[in-house]
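If you want the building blocks of each chain, they are given just below.
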Amino acid sequence: MKHITKMATGAAGLGLTLFAALPAWAQDAALQSPPAAATAATVNKGDTAWMLTSTVLVMMMILPGLALFYGGLTRAKNMLSTMTQIGAAACLAMLIWVMYGYSLAFGPDVSGGASNFIAGLGKAFLAGVTPASQSATFTAGVEIPEYVFVCFQMTFAAITAALVLGSVVERMKFSAVMAFTAVWLTIVYFPVAHMVWASSGLFFKAGALDFAGGTVVHINAGVSALVASLILGKRMGYPTTPMPPHSLTLTGVGTGLLWVGWFGFNAGSALEANGSAGLAMINTFVATASGGLFWMLAERLAGHKGSALGFCSGIVAGLVAVTPAAGNSGPFGAIVLGAIASVVCFYAVSVLKPKLGYDDALDAFGVHGIGGMIGAIGTAVVYAPSLGGPGAADYAIGPKLLVQLGAVATTIVWATIGTVIAMYVAKAITGLRVSKEVEQEGLDLGEHGERAYN
């Protein structure tokens, strides 16, 4: 096997330490054993069925989940453009993934120290991937079809690229979105995915805990969203002109679809239909419930009414925070993590953003970036068995906390530099921003010649 399956740190959710679990299924361990002595791996049909289901659930998070969630938060004149940007960026990500993204993230290692950051092109255009090729799970000798693993990972790349767009809607050209997505995936997403989830990756070798994408998806997307919004500039009239969501009903529907789909995102990251998936599932229930309620509580404490928008935002904050901890926490640790992330994210979008004055239109940074950081750092704490986590008896919070902080900091720097490059490449190719006239009349008509509502 020339690639390592995603979520190496999820193996720790089975009660093993990261490096004790590694030889059972990692690529380099497989190479150490003579082929004649190895047990023939077989495809488990139950695990395969679960991963097929999980992949479709993550797809549902993008279209229609994220498209409706983001679309409802924009003004009516930009509803279709927002949904179209999300859908088209996701489609482009899927095509790039099968052309070279899968290989760069999970393909054969390159020589020297570069393998810490990126893999090679040995699996470009899915070379060597067939219906008979297999991908390892966290149980020795039990595998799933490689095509299934390719598809599961493909949906993660697609939704991460789409998440970034929440900060730049209502003013960025469609052509610029497509150019940015292609460059950003190549220089930001694929390397970070490799660093976290490949056996030769920098964060993996350091022992970072990221069950389903706190660094790869949420910090990556959130920080990139902030940088992109700063480069693009504020919307016309922001912040003096009121820009309320045009349909909280659609946002509410999108929120529900996101939550349901997130079970594929988190529980699917166990790669098997087993107890680790069950732990990730219950944590995805309770952390999210905690997040939704605590955001509304924070609103009340701040002197406001508990709002439907706050409820939806809190649900997403809880989902974001529990993503790296899904299989790395006990249920009560997940509840606390969801609550803390929700309250902090509330203050990030209601206090920090107005004070700093940046125009992160749909709070991609305030929820995904901040929530992802809290989740990634907090995972080092809730992993402790003394707090109900699945860590080993001799687990020490301090050293792991330093590892998590290092992974978070590196992701922030990597995403920042990569996004600056991607945005200026897109600007050179497309001009980046729509004209004032198009922004005034709305991107639905100006960019696509259609209206969401007639």
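Everything here concerns the structure above.
To start, this report covers the structure provided alongside it. These figures come from a predicted structure and were not determined experimentally.

**Description of the side chain of Ser103**
Within the secondary structure layout, Ser103 lies in helix H4 (residues 79-106). With near-sequence residues (within four places) excluded, Ser103 lies in contact with Pro108, Ala119, Gly120, Leu121, Gly122, Lys123 and Ala124.

**Notes on unusual backbone geometry**
A cis geometry characterises the amide bond from Leu63 onward to Pro64, with omega recorded as 20 degrees. Locating Pro64 in the fold gives a position in helix H3 (residues 45-73). Looking along the chain, the bond that leaves Tyr238 and enters Pro239 is cis, with omega of 5 degrees. By secondary structure assignment, the location of Pro239 is in the loop between helix H8 (214-232) and helix H9 (248-267). In this model, Glu170 sits at a positive phi of 75 degrees, which is unusual for a non-glycine residue. Residue placement: Glu170 occurs in the loop between helix H5 (146-164) and helix H6 (174-197). Here the phi dihedral of Leu432 falls at roughly 75 degrees; this positive angle occurs in a residue that is not glycine.

**A closer look at the sheet that holds strand E1 (residues 42-43)**
The sheet built from three strands is open, its strands ordered E1-E3-E2 with mixed pairing. Each of the sheet's edge strands pairs with one partner strand only, and the pair in question is E1 and strand E2 (134-136). Taken together, the two bridges between E1 and strand E3 (residues 142-145) define a ladder with parallel strand orientation. By the bridge assignment, Thr42 is partnered in E3 with Val142. Each of E1 and E3 touches H3; the most contacted strand, E3, lies at about 45 degrees to it.

**Digging into the packing of H8 against helix H13 (residues 364-382)**
Put simply, H8 and H13 touch, their axes get as near as 8 Å, and they point 145 degrees apart. As for the relative orientation of H8 and H13, their crossing is left-handed in sense. Here Gly214, Thr215, His218, Ile219, Gly222, Val223, Ala225 and Leu226 of H8 come into contact with H13, specifically with Ala364, Phe365, His368, Gly369, Gly372, Met373 and Ala376.

**Quick look at H4**
Of all bends in H4, the biggest is about 70 degrees, found at Trp97. Most of H4 is tucked away: 20 of the 28 residues are buried.

**Brief notes about the packing of H6 against helix H14 (residues 397-430)**
Packed helix pairs are characterised by how far apart their axes lie and by the angle those axes make with each other. Their axes nearest at 8 Å, the elements H6 and H14 cross at an angle of 155 degrees. Between H6 and H14, the crossing angle belongs to the class labelled roughly antiparallel. For the pair H6 and H14, the crossing hand works out as right-handed. Counted together, Ser175, Ala176, Ala179, Phe180, Val183, Trp184, Ile187, Val188, Pro191, Val192 and Met195 of H6 and Thr411, Trp414, Ala415, Gly418, Thr419, Ile421, Ala422, Met423, Val425, Ala426 and Thr430 of H14 form the full contact between these two elements.

**A short note on the pattern of salt bridges**
In this structure the tally under the stated criterion is six salt bridges. Note that Glu170 and Arg75 form a salt bridge whose closest N and O atoms lie 3.2 Å from each other. Taken together, the positions of Glu170 in the loop between H5 and H6 and Arg75 in the loop between H3 and H4 put the pair 95 residues apart, joining distant regions of the chain. In this pair, the class of Glu170 matches that of Arg75, namely buried. The salt bridge partner of Arg235 is Asp359, with a shortest N-O separation of 2.8 Å. With Arg235 in the loop between H8 and H9 and Asp359 in the loop between helix H12 (331-356) and H13, this residue pair connects regions lying 124 residues apart in the sequence. Like Asp359, Arg235 is buried. Ionic contacts of the salt-bridge type, sharing partners, join the residues Arg75, Glu170, Arg235 and Asp359 into one network.

**Concerning the packing of aromatic side chains**
Counted by the stated rule, this structure contains 21 aromatic pairs. With centroids separated by 6.0 Å and ring planes inclined at 40 degrees, the aromatic side chains of Phe69 and Tyr70 adopt a geometry described as tilted. On the basis of relative accessible area, Phe69 is assigned to the buried category, the value being 7%. When the centroid spacing of 5.8 Å and the interplanar angle of 55 degrees are considered together, the rings of Trp97 and Phe190 count as tilted. Separated by 93 residues along the polypeptide, Trp97 in helix H4 and Phe190 in helix H6 bring together distant segments of the chain. Note on accessibility: Trp97 and Phe190 belong to one class, buried. Grouped by ring-pair contacts, the aromatic residues Trp97, Tyr100, Tyr102, Phe106, Phe149, Phe180, Trp184, Tyr189 and Phe190 constitute a single cluster.

Each value, and the rule that gives it
- All residue numbers refer to position in the chain's written sequence, counted from 1.
- Totals for whole chains, interfaces and linings use every residue, but because this is a predicted model, local features are given only for residues with pLDDT of at least 70 and side-chain atom pairs only at 80 or more, for both listing and counting.
- Side-chain calculation: all heavy atoms of the structure are included, whereas hydrogens and water are not.
- Labels follow the DSSP assignment, with helices taken as runs of H or I lasting at least four residues and strands as runs of E lasting at least two, numbered in each case from the N terminus.
- By the convention used here, residues are in contact when the closest approach between their heavy atoms is within 4.5 Å.
- DSSP calls a pair of strands paired once it identifies at least 2 bridges connecting them.
- Inter-axis angles, ranging from 0 to 180 degrees, are taken between N-to-C directions of lines fitted to C-alpha atoms, where helices are fitted over the stretch in contact.
- Here a crossing is taken to be left-handed if its near helix is turned anticlockwise relative to the far helix by less than a right angle, and right-handed if that turn runs clockwise.
- We define the bend at any residue as the angle between the axes fitted to the seven residues before and including it, ending there, and the seven starting there.
- The cut-offs for exposure are 20% and 50% of the maximum accessible area for each residue type, with area from a 1.4 Å probe on protein chains only; residues under the lower value are buried, those over the upper are exposed, and the others partly exposed.
- The scheme is simple: roughly parallel for angles under 35 degrees, roughly antiparallel for over 145, roughly perpendicular for 65 to 115, oblique for anything else.
- Each salt bridge in this description consists of a side-chain nitrogen of Lys or Arg and a carboxyl oxygen of Asp or Glu lying within 4 Å of one another.
- Any two rings among Phe, Tyr and Trp, with Trp reduced to its six-membered ring, count as a pair given centres within 6.5 Å; such a pair is stacked if its planes are under 30 degrees apart, edge-to-face if over 60, and tilted if neither.

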